[in-house]
Amino acid sequence: MTSNNNSNINNNSNFSNEMSSDTSRYTRDNNGGFPEGFMWGGAVAANQVEGAYNVGGKGLSTADVVKYCPPEQRGSLEQLLSITHGELTQALQDEEGNYPKRRGIDFYHRYKEDIALFAEMGFKVFRFSISWPRIFPNGDELTPNEEGLRFYDAVIDELLSHNIEPLVTISHYEMPVQLVQKYNGWESRELVSMFVRYAEVLFNRYKGKVKYWLTFNEINCTLKAPFLGAGIITEGRDNVKQIAFQALHHQFVASSLAIKAAREIDSEAKIGCMLARRLVYPYSCRPEDVLQAQTENQMAQFCTDVQVRGYYPSFIQRQWRDQQVTLVMEPEDETLLRENVVDFLSFSYYMSMTTSTDPAHTSKAEGNLSTGLKNPHLEASEWGWQIDPIGLRVALREMYDRYQIPLFVVENGLGAADVLEEDEAIHDHYRIQYLAKHIEQMREAIADGVELMGYTSWGCIDLISASTSEMRKRYGFIYVDQDDHGQGTLARYRKDSFHWYKKVIETNGADLAEKI
């Protein structure tokens, strides 16, 4: 189960060499800038933008059953990201309630307009996900939904007509809800064959059009939010960690089989994994705090240890013993994981946290799918997310030192309550400052020797929040006229950051000044 297979590290080195020789875009810039061909762009998820939840033969997804909860009624993050059997039953019968991800921002009907705006900014790449229930409405069919495939045909062709490279996530926080009802999501190994069938349909359909793929979005979040990450209802279950770790193993196996299939179907395809990078600092220099931070950072990266190195790291054995986890594996799993590792590592980065073993430290900071102690040296967004651009450079350096394969920042951004002025302007100085400081640290990391493929800012157009299902928290360069209750014209407006990011791309990251 745990191995120190040096031959696998050599395999990863070969992948890195292939990626570097594949195109000049990965050649480092000795002048301290971004490399030629650096992939600038933006990112979204199907369940947060598409809408049209009951159009074109699409089945219900796990995202479609998440109801909007007003801020004053919200409990813990764990409660917000979970669901009970009763709530699921109610949601499946409720056609009138406020389920924001059912409507998204109507990208399904407006994708041409939105892609034209991305092209106007100069996007080189656009990261989006494909909705599993739009292709297999129930998840366990043998034949895909042709109308769903045609929709993504149209989206991909539209991107390519604007010379925008598609970067496709196969599973991004949604799955056919029937797989929850029948199997409790990824708790069951039965889902492996269904996912691989789904992935093979995509690889065959979009061969020659989509080169870059990610298997699972923020795969490590299955441990923090089992329903969001793996479609698991934990209500009434005793050892949730046992369920979550087993579900992760099933996802690792499915990802490895998908990688194997992709390489057999399309030799040009490059497959990556995707991590929610939660950087943790010790609150103090007390050795206990340093050890605690090291443990949390190890746990943040154990999923990529499996997907990049091809084996479970030795430290995870201690975690399993402490949490009474006994992993069930098939005899072929170790070989499968070892022989089918990823070509590149992508990740999200929004903030950093601190940690301490001292119970006197109780001041919590908020996060996307996690919480930690506040860092007294950092400012925070209006949603309480701590802003730490240097932390991105730290994360890039640590991960490149650890894995030595190309990295890709596929999510980073600032959620804020933007205001549409009477003259239809949106002055988001705060977002420009946030992004500029993070891009500057990416440039420094590249100068440090990190091999960085690209950058896709999260929510490049305003979308429904993954964690809170609200519209008020906006990330985009493009403002969408819609509120938390679905009211608005859905008209698109360029923010100040739209023009700023266009200039950043035009200059390949050389000009980060705010004046536009």
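Scroll up to find the structure.
Below you will find a few notes about this structure. Predicted model, so just to flag it, every value in this text is computed and none were measured. (Residues numbered from 1 in each chain as written. Predicted model: local features only at pLDDT ≥ 70, side-chain atom pairs only at ≥ 80, totals over all residues. Heavy atoms only, no water.)

### Description of the nonpolar core
The nonpolar side chains of a soluble globular protein tend to be buried, and buried together. Judged by nonpolar contacts, the single largest core of 134 residues is most densely connected at Phe118, Phe128, Trp186, Trp213, Phe302, Leu396 and Tyr501. Residue contributions to this core peak at 13 residues, all from helix 12 (residues 240-265). Setting aside residues up to four positions removed in sequence, Trp213 forms contacts with Leu167, Val168, Ile170, Leu202, Phe203, Tyr206, Ala269, Lys270, Ile271, Gly272 and Phe344. (Core = buried A, V, L, I, M, F, W, Y, C linked by side-chain atoms within 4.5 Å. Buried < 20%, exposed > 50% of the residue type's maximum accessible area, 1.4 Å probe, protein only. Helix = DSSP H or I, 4+ residues; strand = E, 2+ residues; numbered from the N terminus. Contact = heavy atoms within 4.5 Å.)

### Topic: the packing of aromatic side chains
Considering all chains together, one arrives at 36 aromatic pairs under this definition. Look at Phe34 and Phe38: their rings are 4.8 Å apart centre to centre, the planes differ by 55°, and that puts the pair in the tilted class. Taking the relative accessible area as the measure of exposure, Phe34 reaches 3% and is therefore buried. A ring pair is formed by Tyr108 and Phe151, whose centres lie 4.4 Å apart and whose planes are at 25°; its orientation type is stacked. Separated by 43 residues along the polypeptide, Tyr108 in helix 6 (residues 107-121) and Phe151 in helix 8 (residues 146-161) bring together distant segments of the chain. Overall, Tyr108 belongs to the buried group, its relative accessible area being 12%. Above the face of the Tyr53 ring, Arg102 is positioned so that its terminal group lies 5.2 Å from the ring centre. (Phe/Tyr/Trp six-rings, centres within 6.5 Å; stacked < 30°, edge-to-face > 60°. Lys NZ or Arg CZ within 6 Å of the ring centre and 35° of its normal.)

### Let's talk about the pattern of salt bridges
Considering all chains together, one arrives at 33 salt bridges under this definition. Note that Arg474 is salt-bridged to Asp462, the shortest N-O span being 2.8 Å. Of the two residues, Arg474 sits in the loop between strand 14 (452-458) and strand 15 (478-480) while Asp462 sits in the loop between strand 14 and strand 15, which places them 12 residues apart along the sequence. Residue class for Asp462 comes out buried when judged on its relative accessible area of 0%. Salt bridges sharing partners connect three or more residues here, namely Asp418, Asp428, Arg431, Asp462, Arg474 and Lys495. (Salt bridge = Lys/Arg side-chain N within 4 Å of Asp/Glu carboxyl O.)

### Overview of the packing of helix 12 against helix 13 (residues 287-309)
Put simply, helix 12 and helix 13 touch, their axes get as near as 10 Å, and they point 35° apart. In this structure, the crossing between helix 12 and helix 13 has a hand that is right-handed. Side by side, helix 12 and helix 13 meet where Phe245, Leu248, Phe252 and Ser255 of the first sit next to Met299, Phe302, Cys303, Val306 and Gln307 of the second. Grouping the amino acids of the contact of helix 12 with helix 13 by side-chain chemistry returns seven nonpolar, two polar and no charged. (Axes fitted to C-alpha atoms, helices over the stretch in contact; angles between N-to-C directions. Left-handed = near helix turned anticlockwise from the far one by under 90°. Nonpolar A, V, L, I, M, F, W, Y, C, P; charged D, E, K, R; others polar.)

### What to know about the state of the cysteines
Within the structure shown, the criterion is met by zero disulfides. Between Cys69, a free cysteine, and Cys221, which holds the nearest cysteine sulfur, the sulfur-to-sulfur gap is 20 Å. The exposure class of Cys69 is buried, given its relative accessible area of 18%. Considering cysteine sulfurs only, Cys303 is the nearest to Cys221, which forms no disulfide, with 8.9 Å between them. On the basis of relative accessible area, Cys221 is assigned to the buried category, the value being 7%. (Disulfide = S-S within 2.5 Å.)

### Here we look at the pairing of strand 3 (residues 165-171)
Strand 3 sits mainly inside the fold: seven of its seven residues count as buried. In the sheet, strand 2 (residues 125-129) pairs with strand 3 via five bridges, with the strands oriented parallel. Across the sheet, Val125 pairs through a bridge with Glu165, a residue of strand 3. Relative to strand 4 (residues 212-216), strand 3 runs parallel, the two being bridged by four bridges. When the bridges of strand 4 are listed, Val168 appears paired with Trp213. (Pairing = 2+ DSSP bridges.)

### Focus on the layout of surface pockets
A volume near 540 Å³ is recorded for the second largest pocket. Around the second largest pocket, the lining comprises 30 residues; the ones closest to its centre are Val66, Lys67, Leu80, Ser82 and Glu87. Looking at the lining of the second largest pocket, the elements with two or more residues in it are helix 3 (77-80), helix 4 (85-93) and helix 11 (226-230). At three residues, the largest contribution of residues to the lining of the second largest pocket is made by helix 4. Class assignment of the residues belonging to the lining of the second largest pocket gives a composition of 14 nonpolar, 12 polar and four charged. (1 Å grid on protein atoms, 1.4 Å probe; cavity = no way out; pocket = protein on both sides within 12 Å on 5 of 7 lines; lining within 4 Å. Points joined across faces, edges and corners; volume = space filled by probe spheres on them.)

### Some details on the pairing of strand 5 (residues 270-276)
Along strand 5, seven of the seven residues are buried, which leaves the element largely enclosed by surrounding structure. Pairing of strand 4 with strand 5, which is carried by three bridges, proceeds in the parallel orientation. Its bridge partner lying in strand 5, Tyr212 is registered against Lys270. Looking at chain direction, strand 5 and strand 7 (residues 344-348) are connected through five bridges and run parallel.

### Structural notes on the sheet that holds strand 5
With respect to topology, eight strands assemble into a closed barrel ordered 1-2-3-4-5-7-13-14, the strand pairing being parallel. On average, adjacent strands in this sheet sit at an angle of 25° to one another, irrespective of strand direction.

### Notes on unusual backbone geometry
Phi at Glu218 takes a positive value of approximately 40°, unusual for a residue other than glycine. Its place among the elements puts Glu218 in the loop between strand 4 and helix 11. The class for Glu218 is buried, based on a relative accessible area of 4%. One non-glycine residue, Gln324, lies in the positive phi region at around 55°. Its place among the elements puts Gln324 in the loop between helix 14 (315-322) and helix 15 (333-339). Residue classification places Gln324 among the exposed positions, given a relative accessible area of 65%.

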